[in-house]
Amino acid sequence: MNRLLLILALVASSSASHICLETSCSSFNVEADIVLVVDASNAYDASTFEQIRSFLLSFVTSLTVSPLDSQVALYAYGSSAQTVASLTDGSSLGSIQSKINTTLKYQGSSERNLFQALSKVQAEVSAMSGLRSPDYKKVLIVMSGDSWTGNTVIGSSLLTQLQQKFNVVLSVGFGAKALANLNSQLPQLTTASMNTFFAATPDQLTYVSAWMATLSCPNVQFSTVAPPPTTVPTQSPSVSCPLASLSYDVYLIVDVSNKASAADFAAMKTAIHNFAAPFAFGNLGSNFALVTTGIDSQLFYTNFHNGQARSDILNAIDSLLQDDVPGQTLNLALNAIQGYLGQPTSASNKVLAYFTSTTAWDVSPIATMSSLKTKYSLSPMAVQWSASAGTSDLTNLVGGANCVNTVSNKATAATWLQNKMCSKVFC
């Protein structure tokens, strides 16, 4: 079954695909006051909303819900905000399940007044409605399917108050409209730059649930620590142009399956880091998007065309973890970047660099890649990291042998990619 976990990136302490999430507790041991704010508008049809209802039921069931363990409050928004359950209502599993089943309503409206819903959260979530002592972690989770209407949330004093009230604020973008319209907005709701998760289809919500539970654990991202500044590296003398002068949109797709050994995977991350590091970043430089692909595919939030800094992409690359199972959903990874490809850009070129140790794709990505090349002038390149990735498969994927760096040359993969971008000669 294809699964596409899209996030901007995961938390710094657990940056990984769903299989490798590092957690200090299981969901049954979470002790937190969790407030969920759910989009009930026509961002989804009624059938999809019922799948969201099932997702919410599954999430609360995964917790130990009691006055001494986890409590769950639930709000919904569309043309108006709805209080579905307070923390007191959500202090027993039967009660919160009943509220989700009977009180949560699909509004199906074209309005999505998130500001109104968050105003209710700020006003109503208090000790009077079940908010407990500081010993319990406070978690706010906003789930959105499309751009918001009503008063502006980003930059508002309301959002500042909520970010101070809750230890962790998470955002979930669910569905194609969220991918297209909320790429930059959702991360700005959160208390850390890596606290947003994008999911494309309902079957991916299982992994959203696990991610939410992980970040509700007591010792995971309780406070946000700013990453240390990174120094500007010097490019290799073998590179034929000043990389800082290039203005590219670079789409990195990284195989995180278990087809590479642990040592090979670490070496691949180093090569990708060395490839990206020397560029100038930001609106006048180059921007890097990052997608991992294995048994599922995951889009990391790297502030792509949103004031991207070198640390945004390098920290995301360095924190990648390897899956413990095989799988390669490259076609889903290509679909994941279409929201970015379709946006206006000042970049002079768009390139894709695919690092992989396997070409055992679940669905052939060749037609999708050909479409992206034609529609968006995307120039793909592939780095064959191990012999289990077929050279002929990669050649067919990118359109020519000159755009495949074979495993025998992987020590020079970073400079090979950089020189390809200098020459602007692709396939």
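The name given to the protein chain in an unreviewed UniProt entry is VWFA domain-containing protein, with the source organism recorded as Caenorhabditis tropicalis.

**Q** Run through the environment of Ala289, naming residues and quoting values.
**A** When you line up the elements, Ala289 lands in strand β9 (residues 287-293). For Ala289, the residues in contact, after removing those within four places along its chain, are Val250, Tyr251, Leu252, Thr302, Phe304 and Tyr340.

**Q** Explain the side chain of Asp69 to me, and be specific about the residues and the numbers.
**A** For Asp69, the position within the fold is in the loop between α1 (46-62) and β3 (71-77). Although buried, Asp69 forms no salt bridge, and the nearest oppositely charged side chain, Arg132, lies 6.9 Å from it. Separated by 2.6 Å, the side chains of Asp69 and Ser66 make a polar contact. Other than its neighbours up to four places away in sequence, Asp69 contacts Val30, Glu31, Ala32, Thr64, Arg132 and Tyr136.

**Q** Could you give an account of helix α4 (residues 157-165), with specific residues and numbers?
**A** Among the residues of α4, those classed as buried are Leu158, Leu159 and Leu162. The arc that holds every buried residue of α4, seen down its axis, measures 95°, which confines them to one face. Exposed residues on α4 whose side chains face more than 90 degrees from its buried face are Ser157 and Gln164.

**Q** Can you explain the domain arrangement of the protein chain? Please cite residues and give values.
**A** Domain boundaries assigned for the protein chain yield domain 1 (32-216) and domain 2 (243-423). Computed over C-alpha atoms only, the centres of domain 1 and domain 2 are separated by 32 Å. Contact residues are listed per partner, giving seven residues for domain 1 and six residues for domain 2. Summing the contributions of domain 1 and of domain 2, the shared interface buries around 730 Å²; its carbon and sulfur component is 61%. Connecting domain 1 to domain 2 are zero salt bridges. Taken together, the links from domain 1 to domain 2 amount to zero residue pairs in polar contact (both at pLDDT 80 or more).

Cut-off values and rules
- Residues numbered from 1 in each chain as written.
- Predicted model: local features only at pLDDT ≥ 70, side-chain atom pairs only at ≥ 80, totals over all residues.
- Heavy atoms only, no water.
- Helix = DSSP H or I, 4+ residues; strand = E, 2+ residues; numbered from the N terminus.
- Contact = heavy atoms within 4.5 Å.
- Buried < 20%, exposed > 50% of the residue type's maximum accessible area, 1.4 Å probe, protein only.
- Lys, Arg positive; Asp, Glu negative; His and termini not counted.
- Salt bridge = Lys/Arg side-chain N within 4 Å of Asp/Glu carboxyl O.
- Polar contact = N/O pair within 3.5 Å; in protein donor to acceptor, adjacent residues only side chain to side chain.
- Arc of directions from axis to C-beta.
- Domains from an automatic or database assignment.
- Buried area = accessible area lost by both parts, 1.4 Å probe.

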